[in-house]
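# Topology and contacts: notes
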Protein chains: 4
Amino acid sequence: MNIEQNQIEKHNDSLLTSHQRKLSFLKEDWAHVDVESVIQKLVDFQIAIPSWALGTGGTRFGRFAITGGEPRTIEEKIEDVGLLHALNGASGAISLHIPWDIPQNAEELKTLASGYGLKFDAMNSNTFQDQAGAAHSYKFGSLQNVNKDVRKQAIEHNIEVIKHGIALGSDALTVWLADGSCFPGQLNFRKAFENTLESLQEIYSALPEDWKMFVEYKAFEPNFYSTTVGDWGQSLLYASKLGKKAYTLVDLGHHLPNANIEQIVALLLMEGKLGGFHFNDSKYGDDDLTAGSIKPYQLFLIFNELVEGMDAKGMNHAKDLGWMIDASHNVKDPLEDLLQSVEAIMIAYAQALLVDRKALNEAQNNNDVAKAQEILQNTFRSDLRALVAEARLRAGAALSPIALYRGLEVRNKLVNHRGNTVATGL
Amino acid sequence: MNIEQNQIEKHNDSLLTSHQRKLSFLKEDWAHVDVESVIQKLVDFQIAIPSWALGTGGTRFGRFAITGGEPRTIEEKIEDVGLLHALNGASGAISLHIPWDIPQNAEELKTLASGYGLKFDAMNSNTFQDQAGAAHSYKFGSLQNVNKDVRKQAIEHNIEVIKHGIALGSDALTVWLADGSCFPGQLNFRKAFENTLESLQEIYSALPEDWKMFVEYKAFEPNFYSTTVGDWGQSLLYASKLGKKAYTLVDLGHHLPNANIEQIVALLLMEGKLGGFHFNDSKYGDDDLTAGSIKPYQLFLIFNELVEGMDAKGMNHAKDLGWMIDASHNVKDPLEDLLQSVEAIMIAYAQALLVDRKALNEAQNNNDVAKAQEILQNTFRSDLRALVAEARLRAGAALSPIALYRGLEVRNKLVNHRGNTVATGL
Amino acid sequence: MNIEQNQIEKHNDSLLTSHQRKLSFLKEDWAHVDVESVIQKLVDFQIAIPSWALGTGGTRFGRFAITGGEPRTIEEKIEDVGLLHALNGASGAISLHIPWDIPQNAEELKTLASGYGLKFDAMNSNTFQDQAGAAHSYKFGSLQNVNKDVRKQAIEHNIEVIKHGIALGSDALTVWLADGSCFPGQLNFRKAFENTLESLQEIYSALPEDWKMFVEYKAFEPNFYSTTVGDWGQSLLYASKLGKKAYTLVDLGHHLPNANIEQIVALLLMEGKLGGFHFNDSKYGDDDLTAGSIKPYQLFLIFNELVEGMDAKGMNHAKDLGWMIDASHNVKDPLEDLLQSVEAIMIAYAQALLVDRKALNEAQNNNDVAKAQEILQNTFRSDLRALVAEARLRAGAALSPIALYRGLEVRNKLVNHRGNTVATGL
Amino acid sequence: MNIEQNQIEKHNDSLLTSHQRKLSFLKEDWAHVDVESVIQKLVDFQIAIPSWALGTGGTRFGRFAITGGEPRTIEEKIEDVGLLHALNGASGAISLHIPWDIPQNAEELKTLASGYGLKFDAMNSNTFQDQAGAAHSYKFGSLQNVNKDVRKQAIEHNIEVIKHGIALGSDALTVWLADGSCFPGQLNFRKAFENTLESLQEIYSALPEDWKMFVEYKAFEPNFYSTTVGDWGQSLLYASKLGKKAYTLVDLGHHLPNANIEQIVALLLMEGKLGGFHFNDSKYGDDDLTAGSIKPYQLFLIFNELVEGMDAKGMNHAKDLGWMIDASHNVKDPLEDLLQSVEAIMIAYAQALLVDRKALNEAQNNNDVAKAQEILQNTFRSDLRALVAEARLRAGAALSPIALYRGLEVRNKLVNHRGNTVATGL
């Protein structure tokens, strides 16, 4: 289904007075700032939607009653992301996962996607599951495996994913490895590292010149003793040894308890090795909850480092890093959940853009800690939602995406159209 | 020193237009709510200041250059809290610690305090340190000690603290025990519990009828293997066995990583056994940072449970629980730090007061998880600072306490008056 | 398949000389102790095997290549546990899970089981997954659900499980609830507790007089914000309100990071409310690894409290608590993994039995911490494996269970017999 | 005081029969291994004692009743380490801390130390505390400080420490920085890194050619929001940028919860950047407990990686890494505590030396996870204490150091001689 432009306009019209009131108030508050440029940055900022996050998620204990109307094909997944993008104007890309989304006809898909204003973001390979008919199992790892044939199978899979990506106009490969071990003694850490590096080098050499490789790290799960790309330090080691096209990818849920993620982000930017982001939120582990639902202040602090660090390097916020959601929607409608995530990310970005950098630098140079806190919390405490809404308005999207989604009964229509379908993927 | 009422008025006058603008905007936004009643609750809400938090804090690695002008006596501590209360109108109580603040003349102190509009909040005993001249050491615990004489000394100390409290008009005793062990085998957990219970019972029996005993728990530190009142479950066991005057006290920093403190609060309220709070914030352990400086959303979620649970029991927000800050000011001016903590607490309280309970109940009854999140985040995302400021204004305090504190150069004056003094306490 | 007694004898004969040498050495070392009584306690100690742990486990990211020869039916599961028991003489019970193991003919099953020397341990209900054809989904909880009909369905399921258990001669029901929430605001903690309590009361009232109800707690997963029976304090609250047949069940993996589980065990024993155990090991969360594979010293410390606490209450080690493994075998042959778990548990139990309690009490009474550590570590550092082996020998089982299992090529035979089967369950 | 050789001999004589019995049993068990070479490695292995660990430690809540007889001067500290070394033959080095141990006459100290068979291990600088009379405070960091003068003071202090070390024959500088921040916004992470790197470079350039610089990392404390050398990844970044004399130093207590330290060790060895170790144990944070007192299996797993990784690089176990204890003795006699730590370390080392590497490699190459676990646990479960005792015997030290220490009433004699002295340091 499509959301018609006139449906959006009608919705916006009904909210416009209230929105304008809030926006003017905000503009008055921030009169000393170039608010227009902030809004433009918000318009430009796009967060990719992963194809596997469009259905109801689950845990190892199973998946509960599905939402219904979930996309059955890559085409329907594109349609869903198209719906999101129509609603929020900020989800203009889809990140595909092979083999869950093997494109049969790349040109047709590109046409379909571009009809929704969508691009193909980073491609995701999968060597954390066995595929039917595969010669080798990844039970004991893929790129790290002691068996060269297993490694070869995993390398070839990654190269195949690159090829699909080239055909679709993507320009990045995200490698998330579940490789690791469940018990002390199971593997030799050094050899596992060396095997993984060698495997990554082969994949790297198959990357087009203008592509990036994102090496994602994760502290634990599905391996419960060690992970072979386990933290940012390890990812950075791989990325440095691989070369200038290789970068570290940060997934917010992939850390040990209490990790200071914003510091990691700042250092990776300093090293020129931050590649991209997987947004989600968590309380215990890789809980894959809606971005901003548990620790919204942390999300702001991360964006504070991103904006500061990218500006220091002269980077383009919208283009020079890969932005993607990676969440699991176990108890919410996946599309509503994604709308909430994008909204939370945009708010955090807006807050970071409005931080008074000059005053902050000054407070830091004076070791005026109380003042530094006041400066950060002042933007965080400010209600910037109208700025984000204005960005949507200018992008032709909805002032209140979830309200419109519910008002239009989008989910019911999807169920009517598709039935009680379950999305492919996890 | 004193802050004169005309200094406050002058400060408020200079900010009044801007404040009114924000307040009117807020009132319009929340026109469907009894905002006046919310403001009145904010006016009534008072957070006690601990006498030991008025100086520069430190760690086991030492204390860095002090702030200067720190209070040397109990009278100067009262003066400092008086300054805070004049500035924010919400710090109308001081929580004393024995033996750091032994009152020589209770009546004079009461007069002094009441001159600043201050009451004496919960009294704090100290059996986590040895005192010069004490017959016994608490190296191996106090109320848990295998040696009856040590327990007796600790019991008598607590009873003495109660007596001081009676003289000052306090009505609660906070018992924080560092008791525990550093190594497996050091103590018998059951016997340690039984000794502690028996000791607490003796102290309990010395409590006046209208007093409360707060049994504080802590996961770890200064003992690093076990703590004898280690979590809310243990504290509740003690409080239940002791009787109706005994309650659990929650200190935000005293939990294992990732604990859901708001759920603990809700259950203790359900059981009628929540006694009070020690506010602070933390990232790693009992970091004792400024309230709201690390996890402001968590602080709101806790207040959300407090308001809901107290209302369900028909409790008086301002009177029926003990509210206190317990923080350490290692890198900020202690008075500024306390002003920031109180502000963060008041904002969280205001947010909780504005949660649309009816809509939230409805969303919960419909398992509409996305909606429930929207409801909570809507008040959290709203900028309610003008409500808190208005409460201060009505209380005769400052619209912007830190700005006035800095504008009046209070710290400099304290240094001039007192010198480079170090506060007693930790 | 069966392991024949003569196969075991042949195996034992080949190892006997070496075993005797080690045993005599040990007996000499512990000449001051009643070693015979220790061995007898080891002979008597039985650890139940959960029916769902006989197949290859997985994570939310999938299940890797299976081991093959996994049990397809409840009868084959009993056969597998029979194999284990023949090998180690310490796995004389099976814990069934409904609906994964619905007994069709209880009498036949009892006969089958008793042929292997097996009893039916605690029955496990399942309201953490939806069952095909069920009227209601547990997506938003079962016993906590806001919808009375859902609660009713879950209550009735538990009562049905009790009935199955009665028919099989079990005498306990383990209730593990995944109930909780994934997002702040999703549920009202107090109402969730009250609903859960009311539901448990209905189930409790269906318990035969000589049955126990085990209320299992878990910190997180599959819910990632709150769990309605989230820690021992909550479980104890339920168990206390329910009555004398209700107990807390401790699963080693169900705690927040760094929790002192041995202290929890000691306090629950003190309160007369410890019901039983789920053994496994973990590094990060509920990793469900082989018992003793990550923190063998912690396992010993837990048994140290169990032995001390049960002896203090005059409890029978073998009978008065429920002992069960609850692990997931993702990268090992499940039967080998279970043999390793049982071995680790028996060693920890043996170590705890040999702790010099008198000397330990004395060290504790003298606050001689270094000595207390020496006493505990002395038994932990001692190699007591020959004692455990001797207990097996006397029980007619194998001196080296895994060696015999491998020597007899049991897995190959199971694969030949059953094929590449996948066990039912998680 | 000194322990006379004949006192040791008398003690050993009394235990010799029992020791020989255990040793022969062990030798028979490990007949397939070159046990003599293992014993020789144990003889050669020396663990440095930090000068600040010879007195009673404390926490931020204070220090409890001291042990008495604590060393008041650097000479007495050397005497204490001499006592330890006489007792265990494995503590042949002392690690000094400036300014707590400023040597007045290096030659005399060297003579004194060599009389006890002691060398001077890595020198430790201190910029985590302010020193009386210092021009600048480190309240807001030392090498990271925004103020160049503060950095300069800290750099010069480190260079002075190097000079002291040269005079004493040391060949390494350990730089532990408490630098970091307590609140979001307090510092700019990138600039803090850059300042720190620049400062370290200046210190590095003052290092003699044959010296090493150890860059120690720590996750948190005394800063509670960020630490500027916060994890191994950051330390490795510094060490790599500094050059070939710079290495990472691993302190076991300086990690986030659940970190896999053994994997970190393996990777640092792989990179040729592991410099040394600070041994201790912990349950919650940097608890600084006796090595091996909480997680002895982890200690073994770390040594397992050390032995494997050093052998793979052809490194000399005894000489090519810096081995040091860093613990705090809050509830034990410091000297007994240190004896227990050294014993636990030696046992873990012995266990690692006896791992059947060939079998382990084979199991790893076959992905035989159960077997790999058996191999590791077989040496861990074996009682190798007689090997460590034999190494002591051959070194002329005591078979049972703590028993002799207590038998000779060393502590009483120290108290008699020195009085109720408190050691300098933390």
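It should be noted that the structure appears before, not after, this text.
The present account deals with the structure reproduced in this document. It should be emphasised that the depicted structure is a prediction, and the values quoted were computed from it without experimental measurement.

Helix and strand counts for chain A stand at 15 helices and eleven strands. When each of the 426 residues of chain A is scored for burial, the buried share is 68%. Counting every atom, chain A has about 13400 Å² of accessible surface; 48% of that belongs to carbon and sulfur. In chain A, 40 side chains carry a positive charge and 54 a negative one; their mean positions are 2 Å apart.

This part covers the sheet that holds strand S10 (residues 274-279) of chain C. All names here are of chain C. Strand order across the open sheet formed by six strands is S4-S5-S7-S9-S10-S11, with parallel pairing between neighbours. On the outer flanks of this sheet lie strand S4 (123-124) and strand S11 (322-325), each paired with one strand and no other. Helix H9 (residues 296-312) rests against S10 and S11 of the sheet, and its axis sits at about 160 degrees to S10.

To continue, consider the packing of helix H5 (residues 148-168) of chain C against helix H6 (residues 189-204) of chain C. Packed helix pairs are specified by the crossing angle of their axes together with the interaxial distance, meaning the distance between the axes. Residues and elements named next belong to chain C. Axis separation between H5 and H6 bottoms out at 9 Å; the angle between their running directions is 35 degrees. In this structure, H5 crosses over H6, and the sense of that crossing is right-handed. Contact residues: Lys148, Arg151, Ile155, Asn158, Ile159 and Ile162 in H5; Asn195, Glu198, Ser199, Glu202 and Ile203 in H6. Grouping the amino acids of the contact of H5 with H6 by side-chain chemistry returns four nonpolar, three polar and four charged.

Below, the discussion takes up the pattern of salt bridges. Applying the stated criterion across every chain yields a total of 112 salt bridges over all chains. The residue Glu221(C) makes a salt bridge to Arg60(A) at a minimum N-O spacing of 3.0 Å. Separated into two different chains, Glu221(C) in the loop between strand S7 (212-216) and strand S8 (226-227) and Arg60(A) in the loop between strand S1 (49-50) and helix H3 (74-88) make up a pair that spans both. The residues Glu221(C) and Arg60(A) share a single accessibility class, namely buried. We note a salt bridge from Asp333(A) to Arg411(A), for which the minimum N-O separation is 2.7 Å. Separated by 78 residues along the polypeptide, Asp333(A) in the loop between strand S11 (322-325) and helix H10 (334-354) and Arg411(A) in helix H15 (residues 410-418) bring together distant segments of the chain. A relative accessible area of 10% places Arg411(A) in the buried class. If you follow the salt bridges from partner to partner, you end up with Arg60(A), Lys218(C), Glu221(C), Asp286(C) and Asp288(C) in one network.

Right, let's talk about the relation of the copies chain A and chain B for a bit. When chain A is fitted onto chain B, the two copies agree to an RMSD of 0.0 Å after a turn of 180 degrees and an axial shift of 0.0 Å. Within this description, the copies of the chain are treated as partners about a two-fold rotation axis. Measuring from the rotation axis to each C-alpha of chain A, the shortest distance belongs to Asp383(A), at 2.7 Å. Residue by residue, 100% of the interface of chain A is reproduced at the interface of chain B, so both copies engage with the same surface.

Below, the discussion takes up the relation of the copies chain D and chain A. Screw-axis analysis of chain D against chain A gives a translation of 0.0 Å along the axis, an RMSD of 0.0 Å, and a rotation angle of 180 degrees. Same-surface contact between copies: 100% of interface residues of chain D are shared with the interface of chain A.

The subject of this paragraph is the interface of chain A and chain B. Each partner contributes to the interface: chain A provides 39 residues, whereas chain B provides 39 residues. Overall, the association of chain A and chain B removes approximately 3500 Å² of surface from exposure, summing both partners, and the carbon and sulfur fraction of that is 46%. Contact with chain B buries area across many residues of chain A, yet Arg21(A), Asn258(A) and Arg381(A) alone supply 21% of it, more than any other trio. Counting across the interface, chain A meets chain B through six salt bridges. The residue Asp29(A) makes a salt bridge to Arg21(B) at a minimum N-O spacing of 2.8 Å. Counting across the chain A and chain B interface gives 22 residue pairs in polar contact (both at pLDDT 80 or more).

Attention now moves to unusual backbone geometry. Cis geometry is adopted by the peptide bond preceding Pro99(C), which originates at Ile98(C) and carries an omega value of 20 degrees. In this fold, Pro99(C) is placed in the loop between strand S2 (93-95) and helix H4 (106-115). With an omega of 10 degrees, the peptide bond between Glu221(D) and Pro222(D) qualifies as cis. Considering the arrangement of structural elements, one finds Pro222(D) in the loop between strand S7 (212-216) and strand S8 (226-227). One non-glycine residue, Asp288(B), adopts positive backbone phi at about 55 degrees.

Residue and element names in this part refer to chain A. With six of its six residues buried, strand S10 (residues 274-279) lies for the most part within the structure. Chirality of the crossover, the property in question, places the unit of strand S9 (residues 246-251), helix H8 (residues 261-270) and S10 among those that are right-handed. Here four bridges tie S10 to S11, and the two strands are oriented parallel to one another. Paired with Phe277 across the bridge in S11 is Trp323. In terms of handedness, the path from S10 via helix H9 (residues 296-313) over to S11 forms a crossover that is right-handed.

Cut-off values and rules
- Residues numbered from 1 in each chain as written.
- Chains lettered and ligands numbered in written order.
- Predicted model: local features only at pLDDT ≥ 70, side-chain atom pairs only at ≥ 80, totals over all residues.
- Heavy atoms only, no water.
- Helix = DSSP H or I, 4+ residues; strand = E, 2+ residues; numbered from the N terminus.
- Buried < 20%, exposed > 50% of the residue type's maximum accessible area, 1.4 Å probe, protein only.
- Areas by Shrake-Rupley, 256 points an atom, 1.4 Å probe, with all protein chains shown as cover.
- Lys, Arg positive; Asp, Glu negative; His and termini not counted.
- Charge placed at Lys NZ, Arg CZ, Asp CG, Glu CD.
- Pairing = 2+ DSSP bridges.
- Contact = heavy atoms within 4.5 Å.
- Axes fitted to C-alpha atoms, helices over the stretch in contact; angles between N-to-C directions.
- Left-handed = near helix turned anticlockwise from the far one by under 90°.
- Nonpolar A, V, L, I, M, F, W, Y, C, P; charged D, E, K, R; others polar.
- Salt bridge = Lys/Arg side-chain N within 4 Å of Asp/Glu carboxyl O.
- Least-squares fit on C-alpha atoms with pLDDT ≥ 70 in both.
- Buried area = accessible area lost by both parts, 1.4 Å probe.
- Polar contact = N/O pair within 3.5 Å; in protein donor to acceptor, adjacent residues only side chain to side chain.
- Right-handed = clockwise from strand over helix to strand, strands pointing away.

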